[in-house]
Amino acid sequence: MAVRLFDRSDSPTLNYSSILFKSRTTVAFILFCVLAVTTYQLRHEVGLLSSAVSFPSLRSSAAAEAATTDARVSSCLEVRGKSGQWVYRNDSGWSYKTPIRVDGAGKADIVFRSQVRGNTAGMTFLPVTSWMWNEDSDCEIHRLKGKDEFCRVVFRRLKIRRLFFVGDSLTYMFLESMWKLLGHTDDPGKQFAPFHRTIDCGNGVGSSNASTSQFLLDVAYVRNDFLTNQTQKKGCPSPELNKDGLCNAWFHEYSNGTSDKTLLIVNTGLHVHGQATFEQVFDDFVDTIEDSHRTNDIIVYRTAVPGHEDCRQFNAPLSNYSQYRPSTKYDWDKVEGYNRYAVEKIFNLTKNPYSTNADGETSKMNWMVLDVYPMTVLRPDGHRPPRDCLHYYLPGPPDWWTHLLFSNLMDLPLPSKESDV
């Protein structure tokens, strides 16, 4: 039984107000139902196998174990990150090895030092950086602890050789978070110009102590808020956006830069205004990816997250989704509709046998939805008030996007021999 990469809510229609923050009992019931159906199917399959193989008990046991694992993985990809709450941890254990110094990336440690010099409370960290996500379901979010385990999962186990980030300023913050959580002491680059870095996965992953090119994981970043497959001059809907460097060309490098297996991490939405415009932008992106025929890659679409109006009034996370009030400022209230459309589009491509891509074919691409919306809309306190109520401090909420992605990657099956790079 193949494990499907697509992560969705309980139904293809995304309704956050009804699916978020279920009780532990509800999630457990979902897992029980999935496992029950799987067990019934296995009993039927095993009955057919037992007369055809020499060691039916061994084959049955192996099949049952594999199917049970597949069912748990599929369920966890669906519910992880959607049911839980933020819990305060009163220490500086979430800080990076060294502070972020690049402009525009939420320099929480540096801001804290400048704000509280001479304080008598004895605090050594900005409080908004010290909240952890506590998952209600049985599908815990594993906190990424550094480069070694990241390389073991991504480089060695999944055979991924390139990380490619494309999207808006929050995608840049996502990369900044991942880079620092991997233990790097520098910053990866600046957000308005494309850049390349490498992660050395030689120590403890390869067979040699010396770092060579065969143990390097490439990291690429391109700022393109609309995911357009065009040159910078023609890619953005308006000249002023082009001038700001928000639509750098990316697809040629992605599709032709290497044949190595790539984890493509993308997002769009916050600079798109209107449902019809978003649907056109997203449809064009999906068609571009489907036409690439890079069937060995994993395409991760991160759901968009809106800002919170007047965020300076908050000093703690919201306790549940019913407290969240979407703001019409900058069309932030439209983000949920954008996410719903994107999730349904990917669902139809990957799980609906009657849906086809632009070429009339069922998608052969490996799509994954990283739904960070549910946990992130609960963090109006994590922004950088008074002027910036969209971006977050780092360390901060985007770190849990990294933890969520890593947890989902840990659950993916090993590549087959045909997909090994």
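Residues numbered from 1 in each chain as written. Predicted model: local features only at pLDDT ≥ 70, side-chain atom pairs only at ≥ 80, totals over all residues. Heavy atoms only, no water.

Engineer: Run through the nonpolar core, naming residues and quoting values.
Structural biologist: Phe 150, Leu 163, Ile 199, Leu 217, Leu 405 and Leu 409 are the most contacted members of the largest nonpolar core, which totals 67 residues. Counting residues per element, this core draws most heavily on helix α6 (residues 169-181), which supplies 8 residues. Apart from the residues lying within four places of it in its own chain, the contact partners of Leu 217 are Phe 150, Val 154, Phe 155, Ile 160, Arg 161, Arg 162, Leu 163, Arg 197, Thr 198, Ile 199 and Cys 201. (Core = buried A, V, L, I, M, F, W, Y, C linked by side-chain atoms within 4.5 Å. Buried < 20%, exposed > 50% of the residue type's maximum accessible area, 1.4 Å probe, protein only. Helix = DSSP H or I, 4+ residues; strand = E, 2+ residues; numbered from the N terminus. Contact = heavy atoms within 4.5 Å.)

Engineer: I'd like a description of the pairing of strand β7 (residues 298-302), backed by residues and values.
Structural biologist: Of all 5 residues in β7, 5 are buried; the element is thus mostly enclosed. Of the two faces of β7, the one carrying Ile 298, Val 300 and Arg 302 and the one carrying Ile 299 and Tyr 301 are both buried. The pairing of strand β6 (residues 262-266) with β7 spans 4 bridges and is parallel. Note that in β7 the partner of Leu 263 across the bridge is Ile 298. In the classification by handedness, the crossover that spans β6, the intervening helix α10 (residues 275-292) and the parallel β7 is right-handed. Direction of pairing for β7 relative to strand β8 (residues 366-370): parallel, over a ladder of 5 bridges. Within the sheet, the bridge partner assigned to Ile 298 lies in β8 and is Asn 366. (Pairing = 2+ DSSP bridges. Right-handed = clockwise from strand over helix to strand, strands pointing away.)

Engineer: With reference to specific residues and values, describe the packing of α6 against helix α13 (residues 398-411).
Structural biologist: Contact pair α6 / α13: the axes reach a minimum separation of 8 Å and the direction vectors enclose 70°. With respect to their mutual orientation, α6 and α13 come out roughly perpendicular. Taking contact as the criterion, the partners of Leu 170, Phe 174, Ser 177, Met 178 and Leu 181 in α6 are, on α13, Pro 398, Asp 399, Trp 401, Thr 402, His 403 and Leu 405. Residue composition of the contact of α6 with α13, grouped by class: 7 nonpolar, 3 polar and 1 charged. (Axes fitted to C-alpha atoms, helices over the stretch in contact; angles between N-to-C directions. Parallel < 35°, antiparallel > 145°, perpendicular 65-115°, else oblique. Nonpolar A, V, L, I, M, F, W, Y, C, P; charged D, E, K, R; others polar.)

Engineer: An account of the sheet that holds β6 is needed here, citing residue identities and associated values.
Structural biologist: Overall, mixed pairing links the 6 strands, which are arranged β4-β5-β3-β6-β7-β8 in an open sheet. Taken across any chain shown, the strands that pair with only one partner, and hence form the sheet edges, are β4 (195-200) and β8. Across the sheet, the mean angle separating the axes of adjacent strands is 20° when strand polarity is ignored. In the sheet, strand β3 (residues 162-167) pairs with β6 via 5 bridges, with the strands oriented parallel. Note that in β6 the partner of Phe 164 across the bridge is Leu 264. With respect to the sheet, helix α11 (residues 335-350) is in contact with β7 and β8, its orientation differing from that of β8 by roughly 155°.

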